[in-house]
Each structure stands twice: as structure tokens, then as C-alpha cells.
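One-letter residues, chain by chain:
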Amino acid sequence: SKVPGVMITQFVEKIPAEKSHPDFSRKPIALTIQEGKLAVFKAIITGDPTPTVTWARNNGDVSDPERYVASYDPVLGEHQLQMPNVGVDQADTYKCYASNEYGRAIVTVTLNVIEAQLYLFSEQQEKAAANLKKTLRTRVEQKEERKDGEVDEKFWELLLSADKKDYERICTEYGVTDFRWMLKKLNEKKKEIEEQQSQYIEHLSNLRHIEIKTPGCAEFEFEMDLKDPNARIFLFKDGVMVPFNTDTDEKHSLRQVGRKFIFSVYGLNAEDAGLYQVDIEGVNVFSTDFKIPAVDFLVKIQEVKAVEREDAVFECVLSAPLPKISWLGKNVALEQGEKYDISVSEDMLIHRLVVKDCMQVDKGIYAAVAGMKSCNAWLIVEDPNQRGKKAARKTTQAGGGGADLIKIAAEQQEKLQKEREERMEQLKQIQAEEAAAKEEEKPAEEEKPAEEITAAPEPPKPKAKSKSKAKPKPKPNGLSDVHAIIGQSAEMVCKLSSEKCDGIWCKDGKEITTTDDLKIVKDGAVHKLIVSNCTEDDGGKYRFEADGRKTEAMLVVEDPPRMNQDDLAKFSEPVIIRVGQKATFKMDFVGREPMKVQWYNEGEEMLEDNHIKIEKSDSHSRLLLVKCQRKDSGEIKLKLKNEFGTIEALSRLIVLDKPTNPMGPVEVLEASASCVEFKWRPPKDDGGSAIKNYYIERNQIGRNTWMKIGNIPGEPHYKDTDVDHGRRYCYRIRALTAEGTSDVFETNDIQAGTKAYPGPPSTPKVVSAFKNCITLAWSPPTNTGGTNIVGYNLEKRKRGSNLWGQVNPPDEPIKGKQYDVKDVVEGMEYEFRVSAINFSGAGEPSTPSEFVIARDPKSNFMVMRAENSARVNINFEASPMPTIIWLKDGMPVSKRVTVGNTDGMSQLLIPSAERSDSGIYTIIVKNIVGQETFSVEIRVTDDPKPPGPVELEENVPGTLTVSWEPSPDEKRDNHLHYMVMKRDSIKRTWHTVADRLFNNNFTAVNIMPGREYNFRVYAKNDIGVSEPSESLTWGFSLNLAPSKPCNFDSAPIFTVPLKTHSIPEKYECYMSCAVKGYPTPHVTWYHNNVSLNTDTNYYITNTCGVCSMLILRVSAKDNGEYRVVAENSLGRAECSTQLTILGMFTEYM
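Residues numbered from 1 in each chain as written. Predicted model: local features only at pLDDT ≥ 70, side-chain atom pairs only at ≥ 80, totals over all residues. Heavy atoms only, no water.

Across its full length, the chain carries eight helices and 84 strands. The C-alpha atoms of the chain give a radius of gyration of 46 Å, which is well past the 32 Å a tight globule of 1149 residues would have. Considered along the principal axes of its C-alpha atoms, the chain spans approximately 140 × 90 × 80 Å. The burial tally for the chain puts 38% of its 1149 residues in the buried class. Here the contacts in the chain between residues at least 6 apart in sequence split such that 63% fall between residues at least 24 apart. Looking at the chain as shown, the accessible area adds up to about 66100 Å², and 49% of this sits on carbon and sulfur atoms. Side-chain charges in the chain split into 152 positive and 173 negative, and the spacing between the mean points of these groups amounts to 3 Å. (Helix = DSSP H or I, 4+ residues; strand = E, 2+ residues; numbered from the N terminus. Rg over C-alpha atoms; globule rule 2.2 N^0.38 Å. Buried < 20%, exposed > 50% of the residue type's maximum accessible area, 1.4 Å probe, protein only. Contact = heavy atoms within 4.5 Å. Areas by Shrake-Rupley, 256 points an atom, 1.4 Å probe, with all protein chains shown as cover. Lys, Arg positive; Asp, Glu negative; His and termini not counted. Charge placed at Lys NZ, Arg CZ, Asp CG, Glu CD.)

Here we take up the packing of aromatic side chains. Counted by the stated rule, this structure contains 23 aromatic pairs. Each ring, one from Tyr830 and one from Phe832, has its centre 6.4 Å from the other, and the planes form 35°; the classification is tilted. The buried category is assigned to Tyr830, whose relative accessible area is 1%. Through a chain of ring-to-ring contacts, three or more aromatic side chains come together here, namely Phe220, Phe222, Phe244, Phe261, Phe263, Tyr276, Phe286 and Phe290. The positively charged end of Arg799 is found above the aromatic ring belonging to Phe851, 3.9 Å away from the centroid. (Phe/Tyr/Trp six-rings, centres within 6.5 Å; stacked < 30°, edge-to-face > 60°. Lys NZ or Arg CZ within 6 Å of the ring centre and 35° of its normal.)

By the element assignment, Glu439 lies in helix H6 (residues 403–440). It is 10.0 Å that separates the C-alpha atoms of Glu439 and Leu496, two residues lying 57 residues apart in sequence.

Generally speaking, a soluble globular protein has its nonpolar side chains buried in company with each other. Counting 28 residues, the largest nonpolar core has Phe220 and Phe263 as the members making the most contacts within it. If one sorts the elements of this core by residue count, strand S11 (residues 217–226) sits on top with five residues. Not counting the four nearest positions on each side in its chain, Phe220 is found in contact with Arg208, His209, Ile210, Leu235, Phe261, Ile262, Phe263, Tyr276, Val278, Phe286 and Thr288. By size, the runner-up hydrophobic cluster in this structure holds 26 residues, among which are Ile301, Ala320, Ile325 and Cys375. (Core = buried A, V, L, I, M, F, W, Y, C linked by side-chain atoms within 4.5 Å.)

Turning our eyes to something else, we now look at the UniProt feature "domain: Ig-like" (unreviewed entry) in the chain. Within the UniProt annotation, "domain: Ig-like" (unreviewed entry) is assigned to residues 22–112, 472–556, 848–941 and 1052–1140. Here residues 22–112 is 0% helix and 60% strand, with 28 Å between the C-alpha atoms at its ends. The straight-line gap between the two end C-alpha atoms of residues 1052–1140 is 28 Å; of that span, 0% is helix and 64% is strand. (UniProt positions renumbered as here; feature names shortened; annotations may be inferred.)

On to the pattern of salt bridges, then. Enumeration over the complete set of coordinates arrives at 47 salt bridges. A salt bridge links Asp48 to Lys19, with the shortest nitrogen-to-oxygen separation between them at 3.9 Å. One end of the pair, Asp48, is in strand S4 (residues 39–48); the other, Lys19, is in the loop between strand S1 (7–10) and strand S2 (20–26), and 29 residues separate them in sequence. (Salt bridge = Lys/Arg side-chain N within 4 Å of Asp/Glu carboxyl O.)

A few words on helix H5 (residues 179–197). Because each turn of an α-helix spans 3.6 residues, side chains separated by three or four positions end up pointing in the same direction. In a regular helix each residue adds 1.5 Å, so 19 residues correspond to 27 Å; H5 covers 26 Å between its end C-alpha atoms and thus fits that length. Those residues of H5 that fall on the buried side of the exposure criterion are Met182, Leu186, Lys189, Ile193 and Gln197. Taken around the axis of H5, the buried residues stretch over an arc of 75°, which confines them to a single face. Away from its buried face by more than 90 degrees, H5 exposes Arg180, Lys184, Lys191 and Glu195. (Expected span 1.5 Å × (residues − 1). Arc of directions from axis to C-beta.)

Looking along the chain, the bond that leaves Glu593 and enters Pro594 is cis, with omega of 0°. With respect to the helices and strands, Pro594 occurs in the loop between strand S37 (583–588) and strand S38 (596–601). With omega at 0°, the peptide bond leading from Gly664 into Pro665 counts as cis. Tracing the sequence through the fold places Pro665 in strand S44 (residues 663–671). For Lys627, which is not glycine, the phi torsion reads 50° and is therefore positive. Position of Lys627 relative to the elements: it lies in the loop between strand S41 (620–625) and strand S42 (634–642). Classification of Lys627 by relative accessible area gives exposed; the value is 57%.

Structure below.
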């Protein structure tokens, strides 16, 4: 088997063509499921004939119909074993058996059942968990103050369970700026925690952080496989252990579904915010930070009344910005998709839900959840037809607050901005007061003249984009490093404790004075050095000295890439061209070399080729796109980068072209006697220009001319009132824009007024046929009558009858294109036909199907050589013990046939089969409960006799007609056929020129003059090939040297010896070996020196030199040595092996 874990036993040596033994294309998978759930094993099995499938378990049986339900799904082709409300006692190893006449396939699968009471805390568990967590509750019990540069341990716990996309947000929240250090440290911690987790966990995935699912309830979940199902699970909040159980009435609860663990927090309040951790035996597996936003609804969602096929809009306004809220529809979470459109305004205050294409099933209560606040409202869907008919799709919307909501949101945004400004002013005032307090409390010893004030250099920062003026980070008294852009000004500031002190400024150790570009300013105790129009020469170390004290700092002059604002505004204007034209983009820039220049189209970098030319210099870059196509339209981006920073310029390329053709399907809105109204879909691409008009032509079916209707407005909709009752029309539609006219779109035929019935479907095909069910399938009609097909009617008729009877109820059309006909009589022949139904009614029926007999297909077929024994074993299950009857072709079997019955098995044995024993053998097993039947066809034949004399005749030059007398076996063996071989005087080798001939002549072609030809004819059947009948030599030959005769005589020799076998008791044993020799050796089997060839308990065959023996159920008496002896006139050969029978104890060791 190609599927691992499947064990296959083949019953026959050679399987006929187009037949196969059973195999699993999809085997059942192991299950671990909670007690009380539905457990299902599924398998897909192949084999011809169709295998019989049974289920079993190692420790128990599966006969209880309430606990075990075996079924087969013909649509999916799945065999299922269902265990509703599974119990702990059903945990076991299960087996699935599939068998037919050619073999058997077995696969095993395991079911694990978890008890329902999962991880309930006891007093001992809480005590042990508290002791175990002493070393982990660092944030509660260890209040040590962290050193400078040390990161909060909570930061690492969050990162270990976070997605990569959240790294930047968490780092910003905890003030971490060194990403490389963070990633390196995080990898080390991950390896450490994974080593700890591997002690208790086999698998951990699908971590989903905590969020509010429904009003008043928050959940987080993950998938986990525990090595020990009894391992203890602990929940902590901010380092404090929280008790929980499986009861949803409690504050904290845990539910397990398969391998998924779901933790819930009910009755939410502000105190529930914090860091939640899940530990397994003291090892952390998941951490999630729960933040409850302080937000409320300024405007709640309102009730919406919508008409069917219309969109419904719910809108609300929040008191604070929130990027996302939760929407619920009938207590089910809603997601963005085809049915729902969820959006939020730019200021994140207005949140909007659109329910598209409202139907009756959409009505109900919808809710919006933001933090701990929620609001809900009804959606009422009205039916305009009041008759349940499906209305046309509408483009209008119901509900929504409109301009009022925007006004309220704007006022709230202004209020929030004012509050932020007030808080910033308060913060600045507090910082100023703290700075003044520190100045006053400054120790007097700092005024000693010998001391030096040195500003600590700042750590390197990422290069920022161009700014007008760099502001140093304020430090008390000392200078700070300043970064300035070339050509702009820079300012260095130092504040002294006394206004009376003067100082001097130095650069690179030399005193500097005021110049045009360098100004020294003193404002009380504040001393400033202002550098105007910075150049690279201005960079360096600056020092300020005053009263014997000094402070130093660096001025770094940067030269990042920069662009002129006017050039940037001009570059941002879109470039509009037509298809086939060229487009040019150019931008000047300044900045220090080396400069990396990159051009992008819709985010994909462009590289030079035949259509893309890129020009680069130290002051500008130019992009040239030649022979532009419509697909080249999109955002064009220029990216410049050097060691000091990066800058980007954006533009847009619009390539105009004619629109693509309009699209179907056409929706017929009305097809009455007075008008035809329909609509279609606009072009997929309008070519960059708005559609101004549609140009329409009309053809009346049956005429060869098209009538010009002309241009209509640019809406994909048309109503034709100039129609004749009962006529059919076809329309051609083209889209018109400023850039041209699209290709044509042609509609299907539309009939005005009278009913248009669908055409006939395809002829029904028989999918399967059984005695109580015949399954048929068909294809829909090519002509639907201009409307949708709503169903089908299926009719049947018995052979010899003129009356058709409808299969399905008259008021219940068949919705699909396949149907199971169960109202059949076993053994009767039926034919079927089907008709399609549209809004006008049922159309013409299809042509009838072929006749099919209601009977089970033959499931077994055996071919036996005459004078060999034939054995058929049938296993069954029945209680009480049934009565067993064997029939041959419907009549009791003859006395020469031996029948043996045991508990669960019946054996039919024909000791020395004859041709007259061929036929269909049927076993009937019945008791007081019911009966079952099974049939097997046995064909007894022998090597065919050779055909009669072979004659050659030349009717046409270059060909020879080969004819022969039929084989004597032809009349009694309908599987007999012929094979023709040819040899000429040049090649002198025999090769096959025809096979599987069921007549008595054959015409050979390519007969060359000057050569001699000989032909041989063989008879063949299911057993083998006859001796040949050879023709006389035809033609004349050149004088060639006579060929030497070949001698193939040889003594017997074993090419494949017997193998040693160890078989459990009551299992079957199959031995085989291969022997060659000429003349064909006679083979004899021995067991402990006793001949087995005439023993009917052993099934012995010898086919083409492959000798095999089958023991169906081995027992202790079969233990010992087995020997095969092959003899012919030239010699003798032997081969032996040992068979060991394993007892029950030995087998399971």
C-alpha cells in the first residue's frame, strides 16, 4: 500500500486486469476527544470488486447499535464508525477490515477519551501550586529596584507569546530601542523556555491573545498536547495565582475541546486588566496582557429597517479613539468579508457595520462591543413582494447616521485634542518646577574651580529624515551632542549657576570667536553657540569653559538625501499617457555620496530591461518607461538612501486604453409580451476613463441582420419596449469611453412573453445498480429557455411496457443532477429518462437510458484449472447459528461438492474440478432474524488445445491472409482467443503480430518479396497458451546459411528458494518459490517427508514456474519442515524451509 500503516494480504497469485485487492486511499486518524462528545473514524477504501468493510476493537465488541454506528457516505465515498456520547470505557485500539475475493486490507487506529472533570483545584493542589510558584512570583514578592538599563521581566514574558508584528509596539511601550540586542536576548530566552516546556509539552501552537468576545466576557486560547494528561495547570494574574474550574458560572473558567484550551473571564470590570499567565507544573507556556480601554458610546447603534436585497448600516461614535471594536450578529462574532463590511473613520471615533444584500435570515439583534461597554439594536428586514419571491438586488442603503455623526465625532476630536494640550502644559510646568528645585538644592561643592563638567555622550540614534532644526536633549548645565543637517543652523546651549560668570568656546582645542556664520550669545546664565549654514567643516568637538569648569559635546553635520519642495510637488502630479506611449519621471536631489537610487512600481522594484531605462547621477535620477501597457498603471516611487537617512518621492502613472468588454451573466428583470428588460455587469477594466455610453445592437432570432439601437447612458441596464410577443431576441453590447470602444459582448436569447421551456438534458447514466437501489446522473440542458433551471423530473419504465412512471413526487422536483431510485423490484429491467423544469414548466424529456437490471453486482470471480481442487471460504457473523445453503446456478450443489461449516465460516470444496463445475455458486445464510446471500463465479478450464491447420493466401500483393481451423475448445470456452506470430528468412526470430483475435483469420501486411515467411497460431484462455499450429513456408529465400538448432533442455534449478515463516495460530500462511527447467519439472510438496499434493487441506498451484502453497488456518499440527522437490528427465532439485507456529502467549510477547 502507498499509505503507511496499512497491512494487505493477497488471496490469489495473479489479479486479473482491471481488478484490484482492497486498499486504503485515506486511513482513519487517531482521536483524542473529551468524554460525551461525538467520535468519528473516517476511511476511504478502493478495490474492485467493491470491498466489504467491517470494524472491530481489541478489548470489546462494536455490536451495540446505540454506541457504535457504522455507515457509508456514497457522495464522499467515506466509510464511518460513529460513537455518539463517547465514554471513557470506549478508549481502545480499533481495526478497520476491507476484503474482497482478491485480498484483505487492515488498518489500526487509537481512540483516547479524556474525562470531563478536567483540572479541578483541590486544597492540596492549591497548596502545592503555591509552593511551586514561590520562585516565580517575582513581581509580587520581590520588590527589588531594577538597575539602570534593566528591562522589566514582564516585557520578556509578553514577547515570548507575541507575534512578530507586535514586537515594535511592545518595545515602544517599555522604552526598548535596541532591536538587535532585544532579538538576540529574546532568542536566548526562547531556547531556555522551550527546553523547560519540552519536559511537559509535546506541542504548542495557535496562541490567541485575550480579547473581549461578548459583552462582559473575555477569552484567550491556545492548542497544546501534554505528555502527561494529569499534569497540573495554573493560572496567574499579575503574578498571583487565580483559582478556576470548568463551570462557566465562575469568574474564571477553562474549557478543553480536543487539543484546544480556552480560558474565559466573566463579569468584566476594570480590576480584570493585567498580565495573565498559564503555567504547566511551574513552567510558563503562555502570557497575554489584557488592557481594557476607557471608552464609552457617545452615539449608540440604532434600529434599522431595510427592504430585502438592500444594504443595512449600523454606526456608532466612541468617546475615545479605538482602532477596532467587536461586532456581533445574533451572538455570533462578525468578520470582514463578502457579507459584512466593517470600517472605521480616520480619527477612529466612528465605527460602521454594513450588512450587505439583506435577506430574511439576516434579521435579528446586532451588537457593538468596545471595552466593557456595549450597545445593540434590531435589524428588521421587510419583504416588498409579500409572497416570498426573490427581489432584484438594490444599491440603496438603510440606516446610518450621516452628517450628524461626523459633526459629533469632530466635536469629540476637538475636545480630546484640547485635553491633550492641557496635559502637555501641565507636564511642562511640572518639569520646570522640578528643574528649578534641583538647581536650588545643588551642593555647594560643585562650585569648586578645579572640577570639570563633562556631558555624557548620547548613544547612537537611527538617522532621521530631514528636519529644519535639531534640538538637543536637555541636560542640567552640560552641553549635549547636536546633529544638524548641512546648510541649516545648529545651536549648542550651556546653563551656568550664576549669571555673573563669563566663558569661552573652543572647537577641537582652539578658541573660537563670533563670525558671520558663528554667533556667541549670552542670555543671563544661559550661554549659546549658534552655527548658521552648517558645513562639513563645522563638525567636531566643542568645549565651553567658565570659571575653571568645562563641558564638551559633539556637533555632527549630516548630509542626508534631500529634494526641493517645488520639484517634489511637480513630481507628485500623475503622468497620464495612452497605451504604447512612453512615460518619463525625473527628480533632482542633493546628498552625500554614495547614494542608493531605487525605483518602484506598486511596491515592486524596477530593474532595467527593454522597456525600463534608469539614468542615475550624483544630482538627479531619471526613469523612462517605453511602450507602456495598461497593466503598468500604478504608484511610482523613487527611494534615495545614504548613510544619513532615506527619503521617498511618490507619483502615479496612468496608462489609458479602451475598456474591456462588458461581462455576464445577464440578469433578466422582465420578459413580457410588451418589453424585455435586463442588466449586465460593467467591464472589469474601464481603461482609466469613465464609461460614457453603451452601444447596443439587436437581432431577432431567425433573421440574419442586426438592428442598431444606438447609444444609451453609461448604466449597465436596458429596457427594450419595441418587441413582438413570442419572439426571441439577442443583443450585442459595447462599452464606450473617451479612449475608444470595447470588444462586443453578446447575450443569450431572451424571449418576449410566451413561455419558453428548457431543452432535454443529457441521457441519464447509471452510476450504480443494486437489487434495491439504482443511482443515475445526468447533465443539465444546453438550452435553459432563457431562465434558471429549478429542478428535474425523473421517469422509469419496465422492459416490455409502454407506460412511463414518474419517480420523484410531482410537487417535489429533483434539485441536483443525481438521484437514487429505490422503488425497484429485484431482477426487473428498467430504463430511465429525465426532463428539466424552469419557470415556464417542464421541458422535453431526454433520450432513454440503457436498460439496467435491479440486482447486486457479482462480487467474486475465480478461474480454476481442471483437475485441481477449488476452495471457497465465506466468513459470516450471526446469532443464533444460521442455516447454510449452497446453490449452483440456482440449484442445489452436486454430491461431489463438499461443504464444511464451522462457527463463523463456511467452506465449499470441489476436490477435482471439471469444466462442468463452472457456474455461479451462491451461499444463503439465514436464521430467525433474517438472511444474507453472497455469490462467487467459478470458471473451470484447462490449457487450450491448439488450432487446426494454418493456410496462407495472397489476395493483394504485399499482404498475406492467414486462416486456420478453430480450436476444439472454442465452442465450450467463450474466453478463448488466438495469437499469431511471424518469422521471416532474414530476421529468423518469432514475434507477435496479432493477439486477442476472436475470429479465425488475420491479414499480415508488409510482406516483402524475396523472403520466406512462416506463421504460428496459438489458442489462449484464462489459464494459458496452447501448443502452436504452424503454417507451411511461403515465398522463396536467398541462399543463406542454415540456422543452428537451439537446445533449451536443462535440469531443474530453484531461482527463488523458500523463506522461513513464523505464523500465529489460526492465521493463514502463504509459501512460494520459483523453479526453472526444460522439460517442465514435476513439483511435489512434502511436510515432514509426507506428500501434500493430494491433501485437500492445502491449496497448491504451479503457474509458469512459480510454485505456491496456501494454508488457510494454521494449527500446531502444521509446525515443522516443508520441502519442495522438482524433477524432470535431466535431473532433480530440492528446496526446504521451516514453519514455526506461534502460540497466543508468544504472539503478544
